[in-house]
Number of protein chains: 2
Amino acid sequence: MENTRTLAGSLRKDHTDTSVTVKGWIQKRRDLGELIFLDVRDRSGVVQVVCNAELSKEALQVADSIRSEYVVEITGKVIERDIETVNPKIETGEIEIVASTITVLNEAKHPPFSLTDDIDVSEDVRLKYRYLDLRRETMQETFKLRHQATQVIRSFLNEEMFLEMETPMLTKSTPEGARDYLVPSRVHEGHFYALPQSPQLFKQLLMVSGFEKYYQFARCFRDEDLRADRQPEFTQIDIETSFMTMEDILAMTERMMKKVMKEIKGINLVTPFIRMTYKEAMDRFGSDKPDTRFGMELVNLSEDVKDCGFKVFRQAVEAGGLVSSINLKGKAAHYSRKDMDGMTDFAKIYGAKGLAWLKVDEDELSGPIAKFFSDDDFELFKSKLNAENGDLLLFVADKAKVVYDTLGALRVKLAKDHQLIDESVFHFLWITDWPLLEYDEEEGRYFAAHHPFTMPFKEDFDLLESDPGKVKAQAYDLVLNGFELGGGSLRIYQREMQNKMFEILGFTEEEAKSQFGFLLDALEYGAPPHGGIALGFDRFIMLLAGKTNLRDTILFPKTASASDPLTEAPSRVDQKQLNELKLRLK
Amino acid sequence: MENTRTLAGSLRKDHTDTSVTVKGWIQKRRDLGELIFLDVRDRSGVVQVVCNAELSKEALQVADSIRSEYVVEITGKVIERDIETVNPKIETGEIEIVASTITVLNEAKHPPFSLTDDIDVSEDVRLKYRYLDLRRETMQETFKLRHQATQVIRSFLNEEMFLEMETPMLTKSTPEGARDYLVPSRVHEGHFYALPQSPQLFKQLLMVSGFEKYYQFARCFRDEDLRADRQPEFTQIDIETSFMTMEDILAMTERMMKKVMKEIKGINLVTPFIRMTYKEAMDRFGSDKPDTRFGMELVNLSEDVKDCGFKVFRQAVEAGGLVSSINLKGKAAHYSRKDMDGMTDFAKIYGAKGLAWLKVDEDELSGPIAKFFSDDDFELFKSKLNAENGDLLLFVADKAKVVYDTLGALRVKLAKDHQLIDESVFHFLWITDWPLLEYDEEEGRYFAAHHPFTMPFKEDFDLLESDPGKVKAQAYDLVLNGFELGGGSLRIYQREMQNKMFEILGFTEEEAKSQFGFLLDALEYGAPPHGGIALGFDRFIMLLAGKTNLRDTILFPKTASASDPLTEAPSRVDQKQLNELKLRLK
């Protein structure tokens, strides 16, 4: 009931002359000798408390001993502030509490950093004192937003008659994915559970079970090296449906996103979202998760330059590669020769052997390779790249993958460098028509591009035999502002097709049976057509909250550097436990 | 949009003469030659489809090939049934669909057991074919109920301004609990993550972080042997609050339960719930989770029989033990001498050396020990045990623990045997005033009865030094129908008190710091008074759904016998993974 407590942030002029008790933390203390001001913070906001000797000598004395972040209980009368002391920056700014009694509930050491939003402190220190870091307003707001987004999504899915269902965490290690976290079994010597990389197989089994509409905020695990945009455990909005077509699933996802963006950000999304094939995304943006908030699209010049005077371009096309380009409009003057060397080094990270560039200045091409290009070439650049005075034209000539990776990355880097991105907008788009399989030269076999349960397009069924590499999958990725939010597919629901798929992936019947037997069996007992989608929730929150660090959206994230249990968690276990584990592995 | 599909169970007389398409499973097929009836089931219910040669020869042909559990898509016209063929047992019983086209979406082998609710098949077989088992109506209903209960609880907590928050699963192994599941770290040789037994420390840190009201449907793990009422992974409703008193937390939990019972079962719970101290529960019911849906309470006769003619009773009291008893009203005639031997064997499971019993017949005591009791004793049994003709009086004389355990178990067993329990009611009650510490004779030290962060009652603070075993905890368990639903406590929030607690538990300062340093540190930076509760969600659903097997409330539970990944999951990993693991353990 909390009858005896009023939330600090809820106090308004209406409360004037009432007696209230607030409980919370000391945000700030200003000591004017006869008069001490305390800003008291709780989860709802901040209120100012005044202590003076006139009203309560005792309260003033306690206030004198109080420091930042002490936990206090304060009773007093709400009064209106004088007009000149009204603080319009806080919602309680028109009133203050005159303290009659103050109780210190708990003391606090001086915090190692200021608990404001604009702190200049290393992430390691923030994580070491995560409980203090989380008191900052920006962090409180992020986790309120995360909570809110969770509820909006649930409410949407509940309205659409989905059931929230919990799948196991102690599950079976399956091949064909990232590395599993393994959990040795105590009972079964030499046996292990694996933590799920996704509930994929379980949600498919739920469809075979006739539930038809499943969702879960699913914790998933991947034992990969830490990166800024990757955590070993992460949460995904996991959805599976029966009898729905790809169009049904895309439309349902769009309705969900529309609702979230409206309720969380007040933004009216336009649906249907733009769709782009995988091929188009690569051609136009050099990326399968293009940021479409800005232009600077790639322009493929292969056909046009295959006979030009620049050998590098000619040779690339001859070798079956590409020549593609982007135009950094009006920024040529920003780049010295040395800057361009730097940009070339950046290009090399993505495998490019070099970066060709031209500046347009006084209606002429300039730069070290300008001499190789004719007036006709210049006309071509004008018409295809919209080349104008002041522009910097960038070219990569190489194998398609290198060209896309390099120009795709360069495009994003340059847009960020020159602040060409409108950070206030949310551009959703679908990438479709993915290849079903990828050929691994080293291993000499096909791998599933998505996972081995993905359904090919019907019109490509014949190609499965004749030219598997050309088969397209009924799969789709949802991209937001250059990030892959997630993706999904229709699944194979017929045993025969699934057998064929494992065959193409080089599984013997034996192997397929031992690893996926339970799914294969299930497909024989009336499996409905089904498909679904999984969306990375941590990343979605990062984008919604306008954060750039994934770890700011996770309460207790892991880092490679810190050794604290709150951050990088593995710890030594005692010798007895260790010996027991060793025994299990024999 | 699923524009093209109508849910089978939604069809009513209003739909008469409309053309519809249903998709689902064949529940039943009746072949009358010229006429085939198909019951088509989807998640919403069942509808009857008629195929006849008149309307569509093709449909009839397809229907001829169809078997149970085939997945079909059927288009046809809804017609009203003749009055004599109306089926009042199903909601669509007034109509049927006359099929114009039938498409088989997927075939199905003949199921290994009938997918009805009253099946007679071993649990192992059910789990092996869990995807079929889950198609049965009772299982579908259970998981719909589970979904619904989840949403009602969330909606309650959201309204009360709680935030749903996700704590880590890869966390630190802590002592003082059950056995942890360990996850070897790939990066840190010889280091391990542990899967959480509960998010206890994290939720306390969230309180220090100023979130004030946290909840989570938290997956928890305990590496213990499987039992009918225990799974290695389980879900708890995990709640923590700041600034709330024990009364606040109990009242909040009661409001939550009231809402769930109202919305899920249509039951108006009376609040506040009955409360009982731990001591009273043991004295009256021989259990700290008493089933109060029936009487047959324990009656302590120690004082009355300490000088009686029966040596066994006298000696037990002399040795500092107890003599307690229950009266199985009116059932004496059910029990032969041999039956009583069986009951004595049952008593011995709980450590009793024997079970003393008396029958009341024709106003006399009978049975082998009747001769030891005087008329006065009989009068005593009459007044204290309400002994009447036909009653069976049962006595245990032993150490208190043995007496409670034996009579507590016997009381429940007898009530079940004689169906004395009203299965339609839900009896909630609180058990309070738990001991803070338990003394372990073997190890010669105190252990935390709950966990080492539990707050003692203020009035017992002094006893912490002088007589720790007498200290009571600000802890509470919620009991429902004889099951412990869960429990909680106020937590220690001051560093000094927490130090003292670890001292009593025999931790050196070093040990406390290395194992709980991050919590101890956090207590020094403005930790608010806080406390919470955790409720076993799987068990709650079991009780709500009227099930007796915990595994029927978990989609893919684990069993000791089966080796299927759906059930007992650990599997062999490949040699490469195994070698890698071994390296990590060196």
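Residues numbered from 1 in each chain as written. Chains lettered and ligands numbered in written order. Predicted model: local features only at pLDDT ≥ 70, side-chain atom pairs only at ≥ 80, totals over all residues. Heavy atoms only, no water.

## Details of the sheet that holds strand E11 (residues 274-277) of chain B
The strands making up a sheet associate through backbone hydrogen bonding, with each pair oriented either parallel or antiparallel.
Residue and element names in this part refer to chain B.
Here comes step 1: Within the open sheet, the eight strands sit side by side as E6-E9-E10-E22-E21-E20-E17-E11. Their pairing is mixed. At either margin of the open sheet sits one strand with a lone partner, and together these are strand E6 (163-164) and E11.
Here comes step 2: In terms of strand pairing, strand E20 (residues 472-480) meets strand E21 (residues 483-490) through six bridges, oriented antiparallel. Its bridge partner being in E21, Ala475 is matched across the sheet by Ser489. (Pairing = 2+ DSSP bridges. Helix = DSSP H or I, 4+ residues; strand = E, 2+ residues; numbered from the N terminus.)

## As for the pattern of salt bridges
Here comes step 1: Taken as a whole and assessed by the stated rule, the structure comprises 96 salt bridges over all chains.
Here comes step 2: One network of salt bridges, in which partners are shared, links Arg146, Arg219, Glu233, Asp538 and Lys558 of chain A together with Glu166 of chain B. (Salt bridge = Lys/Arg side-chain N within 4 Å of Asp/Glu carboxyl O.)

## Description of the relation of the copies chain A and chain B
Here comes step 1: Between chain A and chain B, which share one sequence, the superposing operator has a rotation angle of 180° and an axial displacement of 0.0 Å; the RMSD is 0.1 Å. Classification of the inter-copy transformation places it as that of a two-fold axis. When each C-alpha of chain A is compared by its distance to the rotation axis, Val183 of chain A comes out closest, at 2.5 Å. (Least-squares fit on C-alpha atoms with pLDDT ≥ 70 in both.)

## Notes on the UniProt feature "binding site: L-aspartate" (unreviewed entry) in chain A
Residues and elements named next belong to chain A.
Here comes step 1: In the numbering adopted here, UniProt assigns the feature "binding site: L-aspartate" (unreviewed entry) to Glu176, Arg222, His450 and Arg491.
Here comes step 2: Checked against the element boundaries, Arg491 lands in the loop between strand E21 (483-490) and helix H14 (495-504).
Here comes step 3: Judged by relative accessible area, which is 2%, Arg491 ranks as buried.
Here comes step 4: Sequence-distant contacts of Arg491, that is, excluding residues within four places in its chain, are made with Gln200, Lys203, Gln204, Ile239, Glu240, His451, Phe453, Met455, His530, Gly531, Gly532 and Ile533.
Here comes step 5: Side chain to side chain, Arg491 and Glu240 meet in a polar contact 2.7 Å long. (UniProt positions renumbered as here; feature names shortened; annotations may be inferred. Buried < 20%, exposed > 50% of the residue type's maximum accessible area, 1.4 Å probe, protein only. Contact = heavy atoms within 4.5 Å. Polar contact = N/O pair within 3.5 Å; in protein donor to acceptor, adjacent residues only side chain to side chain.)

## Details of helix H9 (residues 311-318) of chain B
Residue and element names in this part refer to chain B.
Here comes step 1: Inspection of H9 places Phe313, Ala316 and Val317 among the buried residues, and these make up the whole buried set. The buried residues of H9 occupy an angular sector of 95° when projected down its axis, which confines them to one face.
Here comes step 2: Structurally, H9 contributes buried residues whose contacts are with helix H8 (302-305), strand E13 (322-328), strand E14 (356-361) and strand E16 (392-398).
Here comes step 3: Positive phi shows up at Gly320, right after H9, with a value of about 90°. (Arc of directions from axis to C-beta.)

## Overview of the interface of chain A and chain B
Here comes step 1: Each partner contributes residues to the interface: chain A has 118 residues there, and chain B has 118 residues.
Here comes step 2: Together, the buried faces of chain A and chain B total about 10600 Å²; carbon and sulfur atoms form 58% of this surface.
Here comes step 3: Here chain A is connected to chain B by twelve salt bridges.
Here comes step 4: For Arg154 of chain B, the salt bridge is made with Glu164 of chain A, and the minimal N-O distance between the two is 2.9 Å.
Here comes step 5: Our count for the contact surface shared by chain A and chain B stands at 44 residue pairs in polar contact (both at pLDDT 80 or more).
Here comes step 6: Of all the elements, helix H4 (residues 137-159) of chain A adds the most residues to the side of chain A that touches chain B, at nine residues.
Here comes step 7: Along the lines of polarity and charge, the residues of the side of chain A that touches chain B split into 58 nonpolar, 24 polar and 36 charged. (Buried area = accessible area lost by both parts, 1.4 Å probe. Nonpolar A, V, L, I, M, F, W, Y, C, P; charged D, E, K, R; others polar.)

## Things to note about a negative patch on the surface
Here comes step 1: Among the surface-exposed residues, Asp361, Glu362, Asp363, Glu364, Asp375 and Asp376 of chain A lie close enough to one another that they form a single negatively charged patch.
Here comes step 2: Within the secondary structure, Asp363 of chain A sits in the loop between strand E14 (356-361) and strand E15 (364-366). (Patch = residues over 30% accessible without salt bridge, like charges linked within 9 Å, V, L, I, M, F, W, Y side chains within 5 Å. Areas by Shrake-Rupley, 256 points an atom, 1.4 Å probe, with all protein chains shown as cover. Lys, Arg positive; Asp, Glu negative; His and termini not counted. Charge placed at Lys NZ, Arg CZ, Asp CG, Glu CD.)

## Focus: the domain arrangement of chain A
Here comes step 1: Structurally, chain A comprises domain 1 (13-106), domain 2 (139-274 + 481-575) and domain 3 (294-421).
Here comes step 2: Here domain 2 of chain A and domain 3 of chain A have C-alpha centroids that lie 39 Å from each other. (Domains from an automatic or database assignment.)

## As for the pairing of strand E18 (residues 437-440) of chain B
Across a regular strand the side chains alternate sides, sitting on one face of the sheet and then on the other.
Residue and element names in this part refer to chain B.
Here comes step 1: In this sheet, strand E19 (residues 445-448) lies alongside E18 in antiparallel orientation, the contact comprising four bridges. Across the sheet, Tyr439 pairs through a bridge with Tyr446, a residue of E19.
Here comes step 2: Hairpin connection, E18 to E19: the antiparallel pair is bridged by four residues, and Gly444 has positive phi, about 65°.

## Here's the deal with the sheet that holds strand E3 (residues 45-52) of chain B
Residues and elements named next belong to chain B.
Here comes step 1: Spatially, the five strands close up into a barrel ordered E1-E2-E3-E5-E4, and their pairing is mixed. The mean inter-strand angle of the sheet, taken between neighbouring strand axes irrespective of direction, is 55°.
Here comes step 2: Here strand E4 (residues 71-80) runs beside strand E5 (residues 95-106); their pairing, made up of ten bridges, is antiparallel. Looking at the pairing, Ile74 lines up with Ile102 of E5.
Here comes step 3: Running at roughly 60° to E5, helix H1 (residues 57-65) makes contact with strand E1 (19-31), strand E2 (35-42), E3 and E5 of the sheet. (Axes fitted to C-alpha atoms, helices over the stretch in contact; angles between N-to-C directions.)

## A closer look at the UniProt feature "binding site: ATP" (unreviewed entry) in chain A
Residues and elements named next belong to chain A.
Here comes step 1: The residues that UniProt annotates with the feature "binding site: ATP" (unreviewed entry) are Arg222, Asp223, Glu224, Gln231, Glu484, Gly536, Phe537, Asp538 and Arg539.
Here comes step 2: With respect to the secondary-structure elements, Gly536 resides in strand E22 (residues 530-536).
Here comes step 3: The residues touching Gly536, leaving out its near neighbours within four places in the chain, are Thr235 and Leu485.
Here comes step 4: Topologically, Asp538 is positioned in helix H16 (residues 537-544).
Here comes step 5: Here Asp538 is in contact with Arg146, Phe234, Thr235, Leu550, Thr553 and Ile554, once residues within four sequence places are set aside.
Here comes step 6: A polar side-chain atom of Asp538 sits 2.8 Å from a polar atom in the side chain of Arg146.

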